[in-house]
Amino acid sequence: MEKKDLSNQNFIDDVKSIIDNARQKAVRSVDFCRVRMYWDIGKRIFEEEQEGKDRADYGSYLIKNLADKLIPEYGSGFSVRTLEQSRQFYRVYPIANALRSQLNWNQYKQLISISDPDKREYYELESVNNGWSSL
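Conventions adopted
- Residues numbered from 1 in each chain as written.
- Predicted model: local features only at pLDDT ≥ 70, side-chain atom pairs only at ≥ 80, totals over all residues.
- Heavy atoms only, no water.
- Core = buried A, V, L, I, M, F, W, Y, C linked by side-chain atoms within 4.5 Å.
- Buried < 20%, exposed > 50% of the residue type's maximum accessible area, 1.4 Å probe, protein only.
- Helix = DSSP H or I, 4+ residues; strand = E, 2+ residues; numbered from the N terminus.
- Contact = heavy atoms within 4.5 Å.
- Patch = residues over 30% accessible without salt bridge, like charges linked within 9 Å, V, L, I, M, F, W, Y side chains within 5 Å.
- Areas by Shrake-Rupley, 256 points an atom, 1.4 Å probe, with all protein chains shown as cover.
- Salt bridge = Lys/Arg side-chain N within 4 Å of Asp/Glu carboxyl O.
- Axes fitted to C-alpha atoms, helices over the stretch in contact; angles between N-to-C directions.
- Parallel < 35°, antiparallel > 145°, perpendicular 65-115°, else oblique.
- Nonpolar A, V, L, I, M, F, W, Y, C, P; charged D, E, K, R; others polar.
- Phe/Tyr/Trp six-rings, centres within 6.5 Å; stacked < 30°, edge-to-face > 60°.

A separate point is the nonpolar core. Of all hydrophobic cores here, the largest spans 23 residues; its most connected members are Trp-39, Leu-83, Phe-89, Tyr-93, Leu-99 and Tyr-108. Only helix 1 (9-50), helix 2 (62-74), helix 3 (80-92) and helix 4 (105-112) provide two or more residues apiece to this core. Among the elements that make up this core, the one with the highest residue count is helix 1 (5 residues). If near-sequence neighbours (up to four positions away) are discounted, Tyr-93 is found in contact with Trp-39, Leu-99, Tyr-108, Leu-111, Ile-112, Arg-120 and Glu-124.

With that out of the way, let us pick up a nonpolar patch on the surface. Taken together, the side chains of Phe-11, Val-15 and Ile-19 present a nonpolar region at the surface, about 240 Å² in accessible area. According to the relative accessible area criterion, Phe-11 is partly exposed, its value standing at 43%.

As a further point, take the pattern of salt bridges. Applying the stated criterion across every chain, the model contains 6 salt bridges. Linking Asp-40 and Arg-36 is a salt bridge whose minimum nitrogen-to-oxygen distance equals 3.2 Å. Taken as a pair, Asp-40 and Arg-36 lie in helix 1 at a separation of 4 residues, close to a single helical turn. According to the relative accessible area criterion, Asp-40 is partly exposed, its value standing at 36%.

At a minimum axis distance of 10 Å, the contact between helix 3 and helix 4 shows a crossing angle of 70°. Looking at the two axes, helix 3 sits roughly perpendicular to helix 4. Of the residues in helix 4, those in contact with Thr-82, Gln-85, Ser-86, Gln-88, Phe-89 and Val-92 of helix 3 are Trp-105, Tyr-108, Lys-109 and Ile-112. Split into classes, the residues belonging to the contact of helix 3 with helix 4 amount to 5 nonpolar, 4 polar and 1 charged.

Turning our attention to the packing of aromatic side chains. Under the counting rule described, the total for this entry stands at 10 aromatic pairs. On the basis of an interplanar angle of 65° and a centroid distance of 5.3 Å, the ring pair of Phe-89 and Trp-105 is categorised as edge-to-face. With Phe-89 in helix 3 and Trp-105 in helix 4, this residue pair connects regions lying 16 residues apart in the sequence. Ring pairs connect the aromatic residues Tyr-38, Tyr-74, Phe-78, Phe-89, Tyr-93, Trp-105 and Tyr-108, which therefore count as one cluster.

The following block contains the structure:
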């Protein structure tokens, strides 16, 4: 068997491209898993707070107590503020299938802070269509 010359730049560039694309897909996949985790947490908090009622009882310490239990084991990514954002995330995006895999948790945190649904949708679409890393 004769050896192939690996100095062919097109071949090397193609292999590098395959590696880079796989890495980018892996990062997006991990980012979306994180988005879904926060959405699932938000849904669970909302369900627990509501207990089948239209409105949660005033003064519920559910999120603070939850944060106190999660932070020692999982770190500051589960602070009261983050858990409140997770609940808001679920309330703004109640349908999991409507979540966009192109957006990461930081982008969704920015989006849920926009109270006007039309503006939020505009920035969501612009972010996806233009590959914005932040809004």
